[in-house]
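Secondary and tertiary structure notes
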Amino acid sequence: SLPVGTQKARTVAQTLFNVPYGEGEGERVDVYVPSSPPPDLPLVIYIHGGYWQFLSKEESGFMAVPLVPRGIAVVAVDYDIAPKGNMDLMVSQVRRSVASIVQQYANISGVYLCGHSAGAQLAAMVLCTDWSQYNVTPNIKGAFLVSGVYDLLPIISTYVNDPLKMTKEDALRNSPGQLVSQLKTFSAGCEIVVAVAQHDSPEFRRQSLEYFKALKSSGLKVSFEDVPNTDHFNVIEQLVDEDYYLTQV
């Protein structure tokens, strides 16, 4: 499970907890660094899922278990989930978290984003960022989008939107599927993996495939991974295992 994996991560890495990236109480990250970091440090930033209203960075360090021993740092990002935070705020927060981390660590050889479910939508929004207003341009070399939501419009009429209170305009503004041209402008060099679980719901599978096709047709470097023998939850939980298919990818 995610909490067990995160507890294990705290035994294999040097850790810095609750590092601020903004003024807000929820604007914190946890950092997992190799005990002997290489001079050029690859950095994986993990953005958790939970339908924008559950989970936190406290369960989000599990990827450090296989990655930190390989000389890779892992950062788990907190953001203000609903009802405290709305969609615009969450997108702003994850963008600021990436900018802040890059500014704090000068020896990063490359940034790799990973997001699951709602976190994959937020990670995709990071790829659409005009960094000129952040005084930094992160070297985002890769993005790993797992079982994500790329079109928020279908959510408006569901219970998921009760705490989010998104309007149609909010949903369109924050749907990565609507922003492929922006992604190409600001993240053309990024290698993107769109992954979906074999037993994800038809809607998750449809959205992942359609987003992949939109990126591919725009000439972006993107691949599609249909992960066998997984569902929406264990597709990400198994990233604690160094032998797991997606960990290898």
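Each remark here, short or long, concerns the structure printed above.
The text that follows walks through the structure, step by step, so that each part is easy to find. All values reported here derive from a predicted model rather than from experimental measurement.

This next bit is on the overall build of the protein. Check the secondary structure of the protein and you find ten helices and eight strands. Relative to the 2.2 N^0.38 estimate, which gives 18 Å for 249 residues, the radius of gyration of the protein is 17 Å and therefore close to what a compact globule would have. Along the longest, intermediate and shortest principal axes, the C-alpha atoms of the protein span 50 × 40 × 35 Å. Residues counted as buried form 56% of the 249 residues belonging to the protein. Looking at the protein alone, contacts between residues at least 24 apart form 73% of all its contacts between residues at least 6 apart. Split by element, the accessible area of the protein, about 10,600 Å² in all, is 52% carbon and sulfur. Averaging the positions of the 18 positive and the 26 negative side-chain charges in the protein gives two centres separated by 5 Å.

Attention now moves to helix α4 (residues 118-127). Turn by turn, an α-helix covers 3.6 residues, leaving residues three or four places apart pointing in a common direction. Of all ten residues making up α4, ten are buried, and the element is well covered by its neighbours. Turning to α4, its buried residues number three or more, namely Ala 118, Gly 119, Ala 120, Gln 121, Leu 122, Ala 123, Ala 124, Met 125, Val 126 and Leu 127.

Here the structure, examined in full by the defined rule, presents five aromatic pairs. A ring pair is formed by Phe 17 and Tyr 32, whose centres lie 6.3 Å apart and whose planes are at 75°; its orientation type is edge-to-face. Here Phe 17, found in strand β1 (residues 14-20), pairs with Tyr 32, found in strand β2 (residues 28-33); they are 15 residues apart in sequence, far enough to count as distant.

This paragraph deals with the packing of helix α3 (residues 87-104) against α4. In the contact formed by α3 and α4, the axes pass within 9 Å of each other and the chain directions differ by 65°. Note that α3 runs across α4; the crossing there is right-handed. Two secondary-structure elements touch here, α3 through Met 87, Met 90, Val 91, Val 94, Arg 95 and Val 98 and α4 through Gln 121, Leu 122, Met 125 and Val 126.

Our focus in this paragraph is the sheet that holds strand β6 (residues 140-146). Ordered by their spatial adjacency, eight strands build an open sheet running β1-β2-β4-β3-β5-β6-β7-β8, and the pairing between neighbours is mixed. Bordering the open sheet on either side are β1 and β8 (222-227), each of which pairs with just one other strand. For this sheet, the mean angle separating the axes of adjacent strands, direction not counted, is 20°. With six bridges joining them, strand β7 (residues 191-197) and β8 adopt parallel strand pairing. When the bridges of β8 are listed, Ala 195 appears paired with Glu 225. Contacting β6, β7 and β8, helix α8 (residues 202-217) crosses the sheet at an angle of about 160° to β7.

The end-to-end C-alpha separation of α8 is 22 Å, in line with the 22 Å expected for 16 residues at 1.5 Å each. Those residues of α8 that sit buried are Phe 204, Gln 207, Ser 208, Tyr 211, Phe 212 and Leu 215. Looking straight down α8, one finds its buried side chains confined to an arc of 130°; they lie on one side. Across α8 from its buried face, at more than 90 degrees, point the exposed residues Pro 202, Lys 213 and Ser 217. Where the residues of α8 are buried, they touch α4, β6, α7 (180-187), β7 and β8.

Following the criterion strictly, the structure yields eleven salt bridges and no others. Here Asp 80 and Lys 84 are joined by a salt bridge, their closest N and O atoms 3.7 Å apart. Accessibility expressed as a relative area gives 54% for Lys 84, which makes it exposed. The closest approach of N and O atoms between Arg 206 and Glu 203, which form a salt bridge, is 2.7 Å. Taken together, the positions of Arg 206 and Glu 203, both in helix α8 and three residues apart, correspond to about one turn of that helix. A residue is classified by how much of its surface remains accessible, and Arg 206, at 32% relative accessible area, is partly exposed. Counted as one network, the salt bridges with shared partners bring together Arg 10, Asp 30, Lys 57 and Glu 58.

Cut-off values and rules
- Residues numbered from 1 in each chain as written.
- Predicted model: local features only at pLDDT ≥ 70, side-chain atom pairs only at ≥ 80, totals over all residues.
- Heavy atoms only, no water.
- Helix = DSSP H or I, 4+ residues; strand = E, 2+ residues; numbered from the N terminus.
- Rg over C-alpha atoms; globule rule 2.2 N^0.38 Å.
- Buried < 20%, exposed > 50% of the residue type's maximum accessible area, 1.4 Å probe, protein only.
- Contact = heavy atoms within 4.5 Å.
- Areas by Shrake-Rupley, 256 points an atom, 1.4 Å probe, with all protein chains shown as cover.
- Lys, Arg positive; Asp, Glu negative; His and termini not counted.
- Charge placed at Lys NZ, Arg CZ, Asp CG, Glu CD.
- Phe/Tyr/Trp six-rings, centres within 6.5 Å; stacked < 30°, edge-to-face > 60°.
- Axes fitted to C-alpha atoms, helices over the stretch in contact; angles between N-to-C directions.
- Left-handed = near helix turned anticlockwise from the far one by under 90°.
- Pairing = 2+ DSSP bridges.
- Expected span 1.5 Å × (residues − 1).
- Arc of directions from axis to C-beta.
- Salt bridge = Lys/Arg side-chain N within 4 Å of Asp/Glu carboxyl O.

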